[in-house]
Amino acid sequence: MKILPLAVNTLLCVGALLSPAFLASCREASERQDQIRFGLFPNVTHVQGLVARHFSRTREGWFEKRIFERTGKNISILWYAYNAGPSAMEAMFANSLDFTYVGPGPAINAYSKSNGTLLQIVAGAVQGGAGLVVPPHSGAWTQKDFQGKIIATPQLGNTQDIACRTWLALGGVAVTQSGGDASILPTPNPEQISLFRQGKLDGSWTVEPWISQIAEILGHSHSQRINTLVENMIENTLLTGTLGMQPDVAQAIIEAHRELTLWIIEHPQEAQKIVVEELKELTRSSIDPSLILHAWPRLVFTNKISEEKLQVFAKDTVRTGFYKELPRVEGIIRNDKNNPSHE
């Protein structure tokens with residue numbers, strides 16, 4: 001298996017964020033809010049979400065305890081899993097979700113479509129962990145090699161989908177949302193596995209642990225699984241909205257997320273064990289712990305947000321035809337003077 005390097009000026013997701021992990025907050029909320037609805041994806045790039053969900057599920061409550069310590073309010077956290085960013089953003093527009101880990105593409109789209117009223121990015125989460133997986137027999141290394149071939153992405157308009165289309169376009173391979181010189185096939189990550197087994201895909205632009213799982217079904221050992229790390233990392237960022245959320249609760253959540261990022265950095269083995277348990281619980285399938293172990297070094301846990309990369313990604317949405325004009329990104333990053341998080 002090969003994972004092709006990304007062009008230097010292109011932004012990739014993982015759950016990103018820029019798996020990206022993003023954190024997103026609610027629209028309207030009652031003055032007495034006793035539940036916070038969190039979204040995440042069953043990806044390794046959403047480590048903070050997976051670990052926090054585990055603490056909620058086992059009644060240890062990472063966010064719950066810290067919200068109470070800082071505000072004196074008993075608030076429960078409800079967790080909801082989504083396949084990719086556009087689905088999570090739909091839930092936010094429907095006022096069914098308060099916070100979510102998500103990549104830059106869907107976050108920018110939702111922010112622009114709502115004229116800046118739906119959400120804000122409040123912290124970074126994870127960089128890296130995404131790439132283009134190619135069967136060893138394909139002979140494909142450059143964009144031109146994918147002419148007439150089929151590449152899967154998790155969902156139309158999600159961060160990997162935009163990154164894939166941008167990479168192809170930079171190499172002179174024209175793709176549209178309905179066709180072009182190469183075919184982009186938006187497919188939920190679990191379904192990509194069966195398509196690879198059937199020989200119906202020439203590549204997949206996705207995130208961990210799906211990268212390693214695809215490599216495994218192609219018959220690669222762990223030492224062969226990752227040949228090239230995607231050079232340009234993305235941030236999965238935690239987003240929060242500007243309307244309705246109690247300020248003290250919102251601030252407690254942001255601070256708890258930052259503390260969780262540091263805890264994951266300091267406790268990698270425990271965090272990996274939790275990720276295996278939560279992925280198994282969410283996907284209802286066995287997860288080989290060695291997949292997580294080998295994916296881990298490719299992840300960078302950070303609370304920082306790169307404003308420059310967000311601007312680049314916004315331009316990519318125009319390049320790939322999702323927008324005719326540059327989408328609005330001014331003000332998308334929450335300005336927290338006490339805990340600056342953007343670069």
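Calculation notes
- Numbers given to residues run from 1 along each chain, matching the order in which its sequence is written.
- Where local features are concerned, this predicted model is filtered to residues with pLDDT of at least 70; where side-chain atom pairs are given and counted, the filter is 80 or more; whole-chain, interface and lining totals use all residues.
- Only hydrogens and water are removed before side-chain values are computed, so all heavy atoms of the structure are retained for them.
- Each nonpolar core is a collection of buried residues, namely Ala, Val, Leu, Ile, Met, Phe, Trp, Tyr and Cys, held together in the definition by side-chain atoms within 4.5 Å.
- Classification of residues uses two cut-offs on accessible area relative to the type maximum, computed with a 1.4 Å probe and protein chains only: under 20% is buried, over 50% is exposed, and between them is partly exposed.
- Counting from the N terminus, the helices are the DSSP runs of H or I reaching at least four residues and the strands are the DSSP runs of E reaching at least two.
- Note on contacts: a residue pair is in contact if any heavy atoms of the two residues lie within 4.5 Å.
- Each aromatic pair joins two rings of Phe, Tyr and Trp (for Trp, the six-membered one) with centres within 6.5 Å, and gets the label stacked for planes under 30 degrees apart, edge-to-face for over 60, and tilted for any other angle.
- One requirement defines pairing of two strands: DSSP has to find at least two bridges between them.
- Whether a crossover is right-handed depends on one test, that the path from the first strand over the helix to the second runs clockwise when the strands point away from the viewer.
- Helix span, as expected, comes to 1.5 Å for every residue beyond the first.
- Between Lys or Arg on one side and Asp or Glu on the other, a salt bridge is scored when a side-chain nitrogen of the former is within 4 Å of a carboxyl oxygen of the latter.
- For helices, the axis comes from a line fit to the C-alpha atoms of the stretch in contact; other axes are also lines fit to C-alpha atoms, and the angle between any two N-to-C directions lies between 0 and 180 degrees.
- Every angle not falling under 35 degrees, over 145, or within 65 to 115 is termed oblique; those three ranges are roughly parallel, roughly antiparallel and roughly perpendicular.
- Take the far helix as the reference: if the near one is turned anticlockwise from it by less than a right angle, the crossing is left-handed, and if turned clockwise, right-handed.

### Observations regarding the nonpolar core
Nonpolar side chains tend toward joint burial in soluble globular proteins. Counting residues in hydrophobic clusters, the biggest one holds 36 residues, and the most contacted among them are Phe38, Val47, Val51, Phe63, Trp263, Ile264 and Trp296. Top contributing element to this core by residue count: helix α9 (residues 247–266), with seven residues. Look past the residues within four positions of Val47 in its chain and what remains in contact with it is Ile264, Val275, Trp296, Leu299 and Phe301. Counting residues in each nonpolar core, the second largest holds 23 residues, with Phe41, Val102, Ala110 and Tyr111 among its members.

### Quick look at the packing of aromatic side chains
A full pass over the atoms with the stated rule returns ten aromatic pairs. Each ring, one from Phe63 and one from Trp79, has its centre 6.4 Å from the other, and the planes form 40 degrees; the classification is tilted. On the criterion of sequence distance, the pair formed by Phe63 in helix α2 (residues 62–71) and Trp79 in strand β3 (residues 76–81) is long-range, its members being 16 residues apart. In terms of burial, Phe63 and Trp79 fall into one category: buried. Of the aromatic side chains, those joined through ring pairs into one cluster are Phe38, Phe63, Trp79 and Phe99.

### Description of the pairing of strand β8 (residues 183–186)
With four bridges joining them, strand β7 (residues 150–153) and β8 adopt parallel strand pairing. The residue bridging Thr153 from the neighbouring strand is Pro186, located in β8. With helix α5 (residues 159–170) bridging β7 and its parallel neighbour β8, the resulting β-α-β unit is right-handed.

### Considering α5
Over its twelve residues, α5 runs 16 Å from end to end, which matches the ideal 16 Å to within 8%, given 1.5 Å per residue. Taken across its twelve residues, α5 has ten buried, putting it largely inside the fold. Along α5, the residues that are buried comprise Thr159, Gln160, Asp161, Ile162, Ala163, Cys164, Arg165, Thr166, Trp167 and Leu168.

### Description of unusual backbone geometry
Glu208 connects to Pro209 through a cis peptide bond whose omega is 10 degrees. Relative to the assigned elements, Pro209 resides in the loop between β9 (203–207) and α7 (210–217). One non-glycine residue with positive phi stands out, namely Arg59, at about 65 degrees. Here Arg59 lies in the loop between α1 (47–57) and α2. Non-glycine residue Arg284 carries a positive phi angle of around 60 degrees. The residue Arg284 is located in the loop between α10 (268–283) and α11 (289–295) in this model.

### Examining the pattern of salt bridges
Applying the stated rule across the entire model yields twelve salt bridges. Notably, a salt bridge pairs Asp161 with Arg165, separated by 2.8 Å at the nearest N-O pair. Here Asp161 pairs with Arg165, and both are found in helix α5, just four residues apart, close to one helical turn. Asp316 serves as the salt-bridge partner of Arg319, at 3.6 Å between the closest nitrogen and oxygen. Taken together, the residues Arg319 and Asp316, both in helix α12 (residues 307–319) and three residues apart, mark about one turn of the helix. Taking the relative accessible area as the measure of exposure, Arg319 reaches 42% and is therefore partly exposed. A single network of salt bridges, built from pairs that share partners, joins Arg53, Arg57, Glu278, Glu281 and Arg284.

### Here we look at the packing of helix α6 (residues 189–197) against α7
Direction vectors running N to C along α6 and α7 enclose 20 degrees, while the axes themselves pass 10 Å from each other. By the angle between their axes, α6 is roughly parallel relative to α7. By crossing handedness, the relation of α6 to α7 is classed as right-handed. Here Asn189, Pro190, Gln192, Ile193, Phe196 and Arg197 of α6 lie close against α7, whose contacting residues are Trp210, Gln213, Ile214 and Ile217.

### A word on the side chain of Thr187
Summarising the element assignment, Thr187 is placed in the loop between β8 and α6. Taking the relative accessible area as the measure of exposure, Thr187 reaches 5% and is therefore buried. Other than its neighbours up to four places away in sequence, Thr187 contacts Ala152, Thr153, Pro154, Gln192 and Leu195.

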